[in-house]
Amino acid sequence: MKNSKTQVAIIGAGPAGLLLSHLLHLAGIDSVVLESRSREEIESTIRAGVLEQGTVDLLTQSGVGERMKREGFVHHGIYLRFNGHSHRIPLSELSGGRSIMVYAQHEVIKDLVKARLDAGGKIVFGVRDVRLEGLDSDSPRIHFNQDFLSCDFVAGCDGFHGISRPTIPAASRTDFKRNYPFGWFGILVEAPPATDELIYAHHERGFALVSTRSPTIQRLYFQCDPKDDVNNWPDSRIWEELHARLAGPDGWKITEGRIFQKGIIAMRSFVTEPMRYGRLFLAGDAAHIVPPTGAKGLNLAVNDVRVLSQALVSFYEKKSEDGLKDYSTTALKRVWRAEYFSWWMTSMLHRFPDDSPFQHRIQLAELDYIVHSRAKAVTLAENYTG
Ligand code: APR
Ligand code: PHB
């Protein structure tokens, strides 16, 4: 595709970039997606898997929700587990009937890539040396490989480590960040579900999370040192740690199985403001990161591109720039709400290295308050379901 032109150039084929391209296509707007990795890689990278009601609705309405509806799992509650007992938070009952869907992010990616390619959409995989030029003009250019792409707008959907955000001059953006002194050790296990709904467990040895993927594959996490190495964790040590954090007087136990994937993820909160520079619009992880405790990352990316696609449609259909002008402010409202929620869940459930016994008791008091106060539980349910 030597020196071609499109309306919207999209950097990154994550959930943000692919869904944006799909939504624009439905409105008759042309886009090209430039992705540095291969199709196989993006379709197999293990990420989170909780979709809010609004995300499920948007994927369904836009015609890419069919497999998700068939293979995903609707959950109406979660458990908070502390002092060795599980307490159910009935999310749907507390949030006016909203629910969540457990469906892995890479499955969403597969569905979106297929939808784009079936519709003749352009995704260029394995691009190198991506560079943005002319963002303050009305015809920016993206240089990549030995080629370039001219466009009206650039969508920076290239994740936290992409090139879009760093292209914005430091004087034109403000970054807000917090790193957490722990990470999550995540595993995929061949086993039947040990629980009917997700378990968020508080323990003095650190947080643990029991999630699921399918009737035969389970997803488990436990808080770890972010600099630790998966090679320090033979399977037996992982099970020992999970049993220690999840056991309790109620006798509930995690079901063991063959571990076939291990990885450590960093935990950080990050926001850049504004999410626009000239004709460049940032969406998803390129603009913000949340720790995974609130399961918000993918949902925020989806919300950004919902707002951005509407703004672009109104530009092309009505010649109105209002939506584009408001994009950053509108998206950031939702972003900061999720930043707050994810920070809150993280702070309440994890063990911090400098925690005193006092802080440990305060965490337990807060968890107990959620379990016994409808008002407090509603706060969790509203935020969790989106
Ligand atoms: N050029 C082209 N593509 C790039 C570049 C680059 N310079 N840098 C990164 N990319 C690609 C990555 O390979 C990746 O496929 O951009 C894509 C970004 O995708 P994600 O990181 O998944 O980000 P996003 O689409 O915003 O989705 C956010 O991903 O990290 C999770 O928890 C997060 O669920 C959330 C979701
Ligand atoms: C997951 O299933 O991967 C998952 C679930 C809930 C979270 C984070 C990740 O909060």
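This text goes with the structure placed above it.
Residues numbered from 1 in each chain as written. Chains lettered and ligands numbered in written order. Predicted model: local features only at pLDDT ≥ 70, side-chain atom pairs only at ≥ 80, totals over all residues. Heavy atoms only, no water.

Chemist: Is there a simple way to explain the site of ligand 2 in this structure?
Modeler: The full set close to ligand 2 counts 14 residues, and Y200, S211, R213, Y221 and P292 are the nearest of them. A distance of 2.5 Å is found between an oxygen atom of ligand 2 and a side-chain nitrogen or oxygen belonging to Y221. Within the backbone of T293, an N or O atom sits 3.3 Å from an oxygen atom of ligand 2. When ligand 2 sits alone it has 280 Å² of accessible area, and the protein chains cover 99% of it. If you list the elements that add at least two residues to the shell around ligand 2, you get strand 16 (208–212) and strand 17 (217–224). For the shell around ligand 2, the residue count by class is nine nonpolar, three polar and two charged. (Near = heavy atom within 4 Å. Polar contact = N/O pair within 3.5 Å; in protein donor to acceptor, adjacent residues only side chain to side chain. Areas by Shrake-Rupley, 256 points an atom, 1.4 Å probe, with all protein chains shown as cover. Helix = DSSP H or I, 4+ residues; strand = E, 2+ residues; numbered from the N terminus. Nonpolar A, V, L, I, M, F, W, Y, C, P; charged D, E, K, R; others polar.)

Chemist: Looking at this structure, I do not really get the site of ligand 1. What am I missing?
Modeler: Around ligand 1, the structure places 24 residues, and the nearest of them are E35, R37, R47, Q105 and D285. In this structure, an oxygen atom belonging to ligand 1 sits 3.0 Å away from a main-chain N or O atom of A16. Here D285 contributes a side-chain N or O atom positioned 2.7 Å from an oxygen atom of ligand 1. Across the complex, the protein chains shield 86% of the 710 Å² of accessible surface that ligand 1 would expose by itself. Counting residues per element, the ones that place at least two in the shell around ligand 1 are helix 1 (15–26) and helix 9 (297–318). A total of three residues in the shell around ligand 1 trace back to one element, the largest contributor, which is helix 9. Each residue belonging to the shell around ligand 1 can be placed in one class, and the counts come to eleven nonpolar, eight polar and five charged.

Chemist: What should I look at first to understand the side chain of T272 in this one?
Modeler: Note on placement: T272 falls in strand 18 (residues 258–273). Given a relative accessible area of 0%, T272 falls into the buried group. Side chain to side chain, T272 and D175 meet in a polar contact 2.6 Å long. The residues touching T272, leaving out its near neighbours within four places in the chain, are R165, R173, T174, D175, L282, A287 and L332. (Buried < 20%, exposed > 50% of the residue type's maximum accessible area, 1.4 Å probe, protein only. Contact = heavy atoms within 4.5 Å.)

Chemist: Would you take a moment to explain the pattern of salt bridges for this structure?
Modeler: Charged atoms that come close allow side chains of opposite charge to pair. What the rule picks out here adds up to 22 salt bridges. Here the salt bridges do not stand alone but share partners, grouping E66, R67, R70, E71, E107, K110 and D111 into one network. (Salt bridge = Lys/Arg side-chain N within 4 Å of Asp/Glu carboxyl O.)

Chemist: Before we go on, may I ask you to explain the environment of E66 in this structure?
Modeler: For E66, the location among the structural elements is in helix 4 (residues 66–71). Taking the C-alpha atoms as reference, E66 lies 8.9 Å from D111; in sequence the two are 45 residues apart.

Chemist: What should I look at first to understand the sheet that holds strand 20 (residues 280–282) in this one?
Modeler: Working definition: the strands of a sheet are paired by backbone hydrogen bonds and lie parallel or antiparallel to each other. The six strands lie next to each other as 9-3-2-13-20-19, forming an open sheet whose pairing is mixed. At either end of the open sheet lies a strand with only one pairing partner, and these are strand 9 (122–124) and strand 19 (276–277). On the sheet, helix 9 packs against strand 2 (8–11), strand 13 (153–156) and strand 20 and is oriented at approximately 175 degrees with respect to strand 13. (Pairing = 2+ DSSP bridges. Axes fitted to C-alpha atoms, helices over the stretch in contact; angles between N-to-C directions.)

Chemist: Honestly, the packing of aromatic side chains in this entry has me stumped. Any pointers?
Modeler: Given two aromatic rings, one states the distance between the centres and the angle between the planes to describe the pair. Evaluated as defined, the whole model comprises 19 aromatic pairs. A ring pair is formed by F281 and Y327, whose centres lie 5.8 Å apart and whose planes are at 70 degrees; its orientation type is edge-to-face. Of the two residues, F281 is situated in strand 20 and Y327 in helix 10 (residues 322–349); the sequence distance between them amounts to 46 residues. When the centroid spacing of 6.0 Å and the interplanar angle of 45 degrees are considered together, the rings of F341 and W344 count as tilted. In this pair, F341 and W344 both sit in helix 10, three residues apart, roughly one turn of the helix. Put simply, the rings of W184, Y200, F207, Y221, F341, W344 and Y384 pair up and form one aromatic cluster. A cation over an aromatic ring shows up here: R141 above the ring of F148, its NZ or CZ 3.8 Å from the ring centre. Positioned above the aromatic ring of W233, the side-chain terminus of R237 is 3.6 Å from the ring centre. (Phe/Tyr/Trp six-rings, centres within 6.5 Å; stacked < 30°, edge-to-face > 60°. Lys NZ or Arg CZ within 6 Å of the ring centre and 35° of its normal.)

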